[in-house]
Amino acid sequence: MLDIRAALQARREQFLYRQRRITTSPQGAEVVIDGVRLVNFASNDYLGLANHPEVVRAFKDGADRYGVGSGAAHLIVGHSQAHHALEEELAAATGRERALLFSTGYMANLGAITALIGRKGVVYEDRLNHASLIDGGLFSGARFKRFPHVDMARLSADLESSNEPDKLVVTDAVFSMDGDIAPLDQLAATSKQHNAWLMVDDAHGFGVLGEKGEGSPALFDLGQDDIPVYMATLGKGIGTFGAFIAGSEELIEFLIQEARTYVYTTAMPAAIAEATRKSWRLAQAENWRREKLKGLISRFRYGAEQLGLELMLSQTPIQPVLLGEASECLRIGNALREKGFYVGTVRPPTVAKGTARLRITLCADHSEAHIDGLLDVLGKAR
Ligand SMILES: *Cc1c(COP(=O)(O)O)cnc(C)c1O
């Protein structure tokens, strides 16, 4: 029997013990955590839409119209007009034939990967892929190959050396703990060349990147033919909840039949879909949110470089500060909190040993004073 007490104790000793903090406010540039108001540099609400009054209104109106519970899975009686309209809008948003809603991004990834690849296939994944993509690959029972981060030569060689007919290449578009963007153009070309499916998880790009928030593929001008399986989540840049997969008519019909995390689960509440429709419209129309983010990102990076902090090659709102040891990461995280700033402290096993980091995320609601205040305290805490 697993000795869970010893396991917990070991975690504590290695500075890897995780604790939840209780928030009593909505998400925003500032949050109240454990009764204390803190500047929030830890959420993925990049566009500042999670508590937007029009999104909240749409949610309430949705609840008035549809009630709270969706009552059943999509294939039974849970698929409302709100879900359906949102799917059509997401397909149009991403330039795909169709889109399919899932209740969470984790489930979308698990469901799509296991449906698209079986025991006889091979899954190729970037070593820094999100846990849900890794789990999908493992759960599929396919042969599982991880390639070093964005190592295209290695991926190409691995694809070349396989005789299996079924291949699936899977990548994050924006890597969630590093903030860098995958070379999607090269991934698309390599996958095509070797007759492999390409699946791209754009959890941190949809809404945030691209002229109108269409997501990472827009940066490379890539369409459905290049990225046949496009996945994005709705709980980050879009500020609500859920996820979707977009692609061809046939892909979506196939997933409706085969993706077990779609078939065997209750549909998200219709009111969430209504809130998301409003939120996506705001994200698309309000370009200033993306423009403001760009300005804040430059300001943060410039200031951090002046302080001699170790940044990563990221042009996205995810701006990690590399610290190395988990203990140092915790120390600085705590010092920041004492001064009124909340940042993520990311330690193994989420990231590799010796690469513990502060995961600082910027959002359109932050002011320049928030950024300058954080930099000031960071400089002193080091
Ligand atoms: C957050 C995240 C997910 C999971 O999405 P949820 O909707 O939170 O389940 C999947 N992939 C990536 C890259 C993520 O960052």
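Residues numbered from 1 in each chain as written. Predicted model: local features only at pLDDT ≥ 70, side-chain atom pairs only at ≥ 80, totals over all residues. Heavy atoms only, no water.

A separate point is the site of the ligand. Inspection of the region around the ligand gives 13 residues, with Gly105, Tyr106, Asp201, His204 and Lys236 positioned closest. A distance of 3.0 Å separates an oxygen atom of the ligand from a polar atom in the backbone of tyrosine 106. About the coverage of the ligand: the protein hides 82% of its 380 Å² of free accessible area. Ranked by residue count, the leading element in the shell around the ligand is helix H5 (residues 105-116), at three residues. Taken together, the residues of the shell around the ligand sort by class into two nonpolar, eight polar and three charged. (Near = heavy atom within 4 Å. Polar contact = N/O pair within 3.5 Å; in protein donor to acceptor, adjacent residues only side chain to side chain. Areas by Shrake-Rupley, 256 points an atom, 1.4 Å probe, with all protein chains shown as cover. Helix = DSSP H or I, 4+ residues; strand = E, 2+ residues; numbered from the N terminus. Nonpolar A, V, L, I, M, F, W, Y, C, P; charged D, E, K, R; others polar.)

The next point concerns the pairing of strand S8 (residues 229-233). In terms of residue burial, S8 counts as a mostly covered element, since five of its five residues are buried. Burial along S8 is two-sided: Val229, Met231 and Thr233 and Tyr230 and Ala232, pointing in opposite directions, are all buried. Looking at chain direction, strand S7 (residues 197-201) and S8 are connected through three bridges and run parallel. Directly across from aspartate 201, in S8, lies its bridge partner methionine 231. Here four bridges tie S8 to strand S9 (residues 243-247), and the two strands are oriented antiparallel to one another. By the bridge assignment, methionine 231 is partnered in S9 with isoleucine 245. (Buried < 20%, exposed > 50% of the residue type's maximum accessible area, 1.4 Å probe, protein only. Pairing = 2+ DSSP bridges.)

Time to look at the domain arrangement of the protein chain. Splitting the protein chain by domain gives domain 1 (16-47 + 287-381) and domain 2 (53-285). Contact residues are listed per partner, giving 20 residues for domain 1 and 21 residues for domain 2. Summed over both partners, the interface of domain 1 with domain 2 comes to about 1500 Å²; 56% of that surface belongs to carbon and sulfur atoms. Viewed at the interface, domain 2 and domain 1 are joined by one salt bridge. Residue arginine 357 is joined to aspartate 178 by a salt bridge in which the shortest nitrogen-to-oxygen separation is 2.9 Å. There are eleven residue pairs in polar contact (both at pLDDT 80 or more) connecting domain 1 and domain 2. Counting residues per element, the ones that place at least two in the side of domain 1 that touches domain 2 are helix H13 (287-306), strand S10 (318-324) and strand S12 (356-361). (Domains from an automatic or database assignment. Contact = heavy atoms within 4.5 Å. Buried area = accessible area lost by both parts, 1.4 Å probe. Salt bridge = Lys/Arg side-chain N within 4 Å of Asp/Glu carboxyl O.)

What follows is about a nonpolar patch on the surface. A surface patch of nonpolar side chains, amounting to about 330 Å² of accessible area, comprises Leu75, Ile76 and Val77. Following the sequence through the fold, isoleucine 76 ends up in helix H3 (residues 74-78). For isoleucine 76, a relative accessible area of 66% gives the class exposed. (Patch = residues over 30% accessible without salt bridge, like charges linked within 9 Å, V, L, I, M, F, W, Y side chains within 5 Å.)

Let's shift gears to the nonpolar core. Ranked by size, the top nonpolar core spans 75 residues in total, and within it Phe206, Phe244, Phe300, Leu358 and Ile360 carry the most contacts. At seven residues, the largest contribution of residues to this core is made by helix H12 (residues 270-285). Split by domain, this core shows at least three residues from each of two domains, domain 1 (16-47 + 287-381) and domain 2 (53-285). Setting aside its immediate chain neighbours within four residues, phenylalanine 300 contacts Leu311, Gln319, Val321, Ile360, Leu362, Ile371, Leu374, Leu375 and Leu378. Leu100, Leu133, Val229 and Ile245 belong to the second-largest nonpolar core, a separate cluster that totals 24 residues. (Core = buried A, V, L, I, M, F, W, Y, C linked by side-chain atoms within 4.5 Å.)

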